[in-house]
Amino acid sequence: VDIVCTGEGELVLKELLDSKLNCEEVEGIQYRLSNGDTKKNEQRELIDVDNLPVAEWDKFDLEKYFLFNNNHLNLMASRGCPYACTYCSARALQKTLGRNYVRTRSVDNFLDEIGEVIDKYSDRGLKYLYFIDDIFIIRRKWVLEFCEKYIERGYHKKMRWTCSVRSNLIDGPELLEAMYKAGCYQVGMGVEAWDDEIRNKYYKRNMSLEQIRKSVGLIKESGMKLSIQFIIGAPTETYDMMEQSLRLAKELDADTLMFSILMPLPGTEINNVALSEGLMESPNQESVLQNSQVMYSQPVLKSHNMDRAQIKKFYRKVRNYQIRKYVSEGLRLKGLFFIFDLIYFGVYLMPKYKLEVQNDFKLKVRKY
C-alpha cells in the first residue's frame, strides 16, 4: 500500500490524479516515503455534501447492476451517524473526522438528483430507490419536508423507495404515515439482540425491547414492509440468548430477516473489547475481513460462554430457518414459477454475469 485516504476520498482522489500522485500537498492522506517510512498529512476539511456532483451511473453495467440489486438505485441524502454503536465503522470514522461529521444535503439538492436519475434510468431498469443513509430519519423536520416536496414534484407516482430507521426515533405514526404517502414501501431497522444487556451495554444501542416492539407495530400499521437485523456472538452471549433472539425475530414477523455474526472491525470499540478480553480466537481475521461474501457469516470471535463452532452452528440453524421461510413465501406468492425463476437464475444468469449470489431465494421474494 502506497497511499491511504484518512477520511472522505472524492477531493483527495482528484487532487492526487491532478498532481500525478505528488502527495506532499494533498490533505487527508497518509503515504509511504521512498525510504520506507510513512508520513501523515494534515486532516482534510469535511466536504460540503451539497457541492458533490451527481454520480455518472452510465459508467456502470446497469443491466447487471439492476439484476443483482432488484432494480434499485442507491442514493444518499446524508453522511455519518451521531450514535455510538460499538460494532460500527461509522463510529470509528467519527473519531477521525470529528464531532460534526454528520451532514445532510438540502432537501431540494437531494430531490434534484432524484429527478435526474428518474429521467435518465427509468427506461433502463430503474424501478426503486434505496436511500443508504446510516439512519434516514435522523432529522425529523428534514424528512417531513422531503416527503412533502417529493409528492409536490410528483415523484411518488414514479418511484417508490426504501430506507433505514431507528427504533427510538419512531415515537408515533405521523412520520411513518408521511413516508408511506410519499412512496416509502419498506424500512430497515436494527434490533441486534433479545437481551437488553447485550443490546445496550455491549452494542450501546440505547433502546428497550418495549421501544422495539412498539415501533415494529407502528411500522406495520403504516402499511410499509419491514426488514430487521440481528447480530450474534457478543462477548457475554449464550446459546440460549441467541435462541431467544430467534424467537423474538419470529414474534416480530418482519418481511425480511437478517442475522449476522459479530465482526470486530479494526478501530471499533467492540474490537478493543474482544482484544482486551482475549476473545479473538480466529487466526484468519484478515482473510475474513477481505472477503465480503463471508465477512458476516464466519466467526472470528468466541464469547465467554461459547466457542466459534457453537456460534457457527447457531448461524446455520438461522440460515436454514430463513431458507425455509423464503422458499415457503416464494411458493405461496408465485407457485411453480418461483422454482423456474430459481433455476433460470442459477443456470443462465449466474454464469452469464459471473454472479456469486448465495441467497437468490431471498432476492426473488423481495422482488415478488
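Up top is the structure these notes are about.
Computed from a prediction, not measured in an experiment: that's the story for all the values here. (Residues numbered from 1 in each chain as written. Predicted model: local features only at pLDDT ≥ 70, side-chain atom pairs only at ≥ 80, totals over all residues. Heavy atoms only, no water.)

1. A word on a nonpolar patch on the surface
- A cluster of nonpolar side chains, namely Leu 331, Leu 336, Phe 337, Ile 339, Phe 340, Ile 343, Tyr 344, Val 347 and Tyr 348, defines an oily patch on the protein surface of about 910 Å² accessible area.
- Top element by residues in the nonpolar patch is helix α13 (residues 336-353). It accounts for eight residues.
- As for its position among the elements, Tyr 348 is in helix α13. (Patch = residues over 30% accessible without salt bridge, like charges linked within 9 Å, V, L, I, M, F, W, Y side chains within 5 Å. Areas by Shrake-Rupley, 256 points an atom, 1.4 Å probe, with all protein chains shown as cover. Salt bridge = Lys/Arg side-chain N within 4 Å of Asp/Glu carboxyl O. Helix = DSSP H or I, 4+ residues; strand = E, 2+ residues; numbered from the N terminus.)

2. Quick look at the pattern of salt bridges
- By the definition in use, this model includes 23 salt bridges.
- In this structure, Asp 18 and Lys 14 form a salt bridge, with 2.7 Å as the shortest nitrogen-oxygen distance. With Asp 18 and Lys 14 both in helix α1 (residues 10-18) and four residues apart, this pair spans about one turn of that helix. Of the two residues, Asp 18 and Lys 14, neither departs from the other in class, the shared state being exposed.
- We note a salt bridge from Asp 255 to Lys 225, for which the minimum N-O separation is 3.9 Å. Residue Asp 255 is located in the loop between α9 (239-252) and β11 (256-261), and its partner Lys 225 is located in strand β10 (residues 225-232); the two are separated by 30 residues in the primary sequence.
- Judged by relative accessible area, which is 43%, Lys 225 ranks as partly exposed. (Buried < 20%, exposed > 50% of the residue type's maximum accessible area, 1.4 Å probe, protein only.)

3. Topic: helix α4 (residues 107-121)
- Here α4 is 15 residues long and its end C-alpha atoms lie 21 Å apart, about the 21 Å a rise of 1.5 Å per residue gives.
- For α4, every residue scored as buried is listed here: Val 107, Asn 109, Phe 110, Leu 111, Glu 113, Ile 114, Gly 115, Val 117, Ile 118 and Tyr 121.
- On its buried side, α4 packs onto α2 (62-68), β4 (72-75), β7 (128-131) and α5 (140-152). (Expected span 1.5 Å × (residues − 1). Contact = heavy atoms within 4.5 Å.)

4. With respect to unusual backbone geometry
- In the Ramachandran plot, Leu 21 falls in the positive-phi region, its phi being about 65° despite a non-glycine side chain.
- Tracing the backbone through its elements, the reader meets Leu 21 in the loop between α1 and β2 (29-32).
- The exposed category is assigned to Leu 21, whose relative accessible area is 52%.

5. Some details on the sheet that holds β11
- With parallel pairing, the six strands of this open sheet are ordered in space as β4-β7-β8-β9-β10-β11. Of all the strands in the sheet, just β4 and β11 have a single pairing partner and so form its edges. In this sheet, adjacent strand axes meet at a mean angle of 20° when their direction is disregarded.
- Strand direction decides the pairing type here: β7 and strand β8 (residues 160-165), joined by three bridges, are parallel. Its bridge partner lying in β8, Tyr 128 is registered against Arg 160. (Pairing = 2+ DSSP bridges. Axes fitted to C-alpha atoms, helices over the stretch in contact; angles between N-to-C directions.)

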